[in-house]
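Residue strings, one per chain:
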Amino acid sequence: MGDYVFNPAPRPAAPVEGGGFFPVRRIFCVGQNYAAHAREMGGDPSREPPFFFSKPADALVTGGADTPFPSLTQNLHHEIELVVAIDKGGANIPAARAENHVHGYAAGLDLTRRDLQAEARKTGKPWDMSKGFDNSAPLGLIRPAEKTGHPKAGRISLKVNGVVTQEGDLADLIWSVPEIIAALSAYVALAPGDLIFTGTPSGVGPLERGDVLLGKIEGVGEVRTKVV
Ligand code: MN
């Protein structure tokens, strides 16, 4: 590696329940994947094909660390999501075999500069700066699928300062995890280390410095962080 002109950054990694780290390659996210949230965002909750955006791998915040309030927004929003950790790559993965590509699951937060996203939606501009900013992806422990199974139902919720703000059930995903993997792997070849945020239930809302977030997904785990 002597040819690099400076030392490469360490690979982002997410702690796994029971020990070890999941080396993160890319972070993909699904838009509007619960009907009630699609409606609250002014979208159509029908089964239009899923759409995707991404965050940089180094946007992760792990281990319950604090999340710095980002620059250039007056409207930072929380989105609690089921996160899928891919450990076996592939293109055009059939939904029927998609679960073979999953290492495990975690609870994560798709933090969003809602004001910048609203402006981008209005003007047809990209979402990168509204979604893919520094520290925009707090993530809880990854729980291996041998322990979780492949969850098809279960309560997903978020408390801000002890008050429930978001609540839903994994059974209400418009596109299931296998369907998401099939659709995403038609756009890009998935690779070991990819994470997929699968969309958020309704109840998204603004955050301020000092807010304490605790997200829980039944059978999967928790994500916690404080906005500072
Ligand atoms: Mn989201």
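Details of the structure are given in the entry above.
In short, a report on the structure. (Residues numbered from 1 in each chain as written. Predicted model: local features only at pLDDT ≥ 70, side-chain atom pairs only at ≥ 80, totals over all residues. Heavy atoms only, no water.)

## Quick look at the pairing of strand 13 (residues 163-169)
For clarity, the threshold we go by: Strand pairing is assigned whenever DSSP detects at least two bridges linking the two strands. Elements are defined by DSSP. Helices are runs of H or I of four residues or more, strands are runs of E of two residues or more, and each kind is numbered from the N terminus.
Here strand 12 (residues 155-160) runs beside strand 13; their pairing, made up of 6 bridges, is antiparallel. Looking at the pairing, Val160 lines up with Val163 of strand 13.

## Some points on the packing of aromatic side chains
To keep things clear, this is the line we draw: Only the six-membered ring of Trp is used, alongside the rings of Phe and Tyr, when aromatic pairs are assigned; centres must lie within 6.5 Å, and planes under 30 degrees apart are stacked while those over 60 apart are edge-to-face, with the rest tilted. Summary of the burial criterion: residues with accessible area below 20% of their type's maximum are buried, those above 50% are exposed, and those between are partly exposed, where the area comes from a 1.4 Å probe applied to protein chains only.
In this structure the tally under the stated criterion is 3 aromatic pairs. An angle of 85° between the planes, with centres 5.6 Å apart, marks the rings of Phe51 and Trp127 as edge-to-face. Of this pair, Phe51 sits in the loop between helix 1 (35-40) and strand 4 (52-55) while Trp127 is found in the loop between helix 2 (114-123) and helix 3 (128-131), placing the two residues 76 residues apart along the sequence. When the ring of Phe53 is compared with that of Trp127, the centres are 5.4 Å apart and the planes differ by 55°; the resulting orientation is tilted. One end of the pair, Phe53, is in strand 4; the other, Trp127, is in the loop between helix 2 and helix 3, with 74 residues separating them in the sequence. The same class applies to Phe53 and to Trp127, which are both buried. Aromatic ring contacts, followed pair by pair, group Phe51, Phe53 and Trp127 into a single cluster.

## Considerations on the coordination of the manganese ion
This is how it is decided: Only nitrogen, oxygen and sulfur atoms within 2.8 Å of the metal, or 3.2 Å for Na, K and Ca, are treated as donors, and water is left out, so sites may look incomplete.
Looking at the metal site, the manganese ion is ligated by Glu79 (OE), Glu81 (OE) and Asp110 (OD), spaced 2.0 to 2.1 Å from it. Mapped onto the polypeptide sequence, the residues donating to the manganese ion form the spacing pattern E-x1-E-x28-D. In this pair, Glu81 is assigned in strand 7 (residues 80-86) and Asp110 in the loop between strand 8 (102-109) and strand 9 (112-113), connecting sequence segments 29 residues apart. Owing to a relative accessible area of 0%, Asp110 belongs among the buried residues under this scheme.

## Examining the environment of Ser136
Cut-off, in case you're wondering: In what follows, residue pairs with any heavy atoms lying within 4.5 Å of each other are defined as contacts.
Here Ser136 is to be found in the loop between helix 3 and strand 10 (137-138). By relative accessible area, Ser136 is classed as buried at 0%. In the structure, Ser136 is positioned 56 residues away from Ile80 in sequence and 12 Å away in space, judged by C-alpha atoms. Residue contacts for Ser136: discarding those within four places in its chain leaves Lys55, Ala59, Leu109, Asp110, Leu111 and Lys131.

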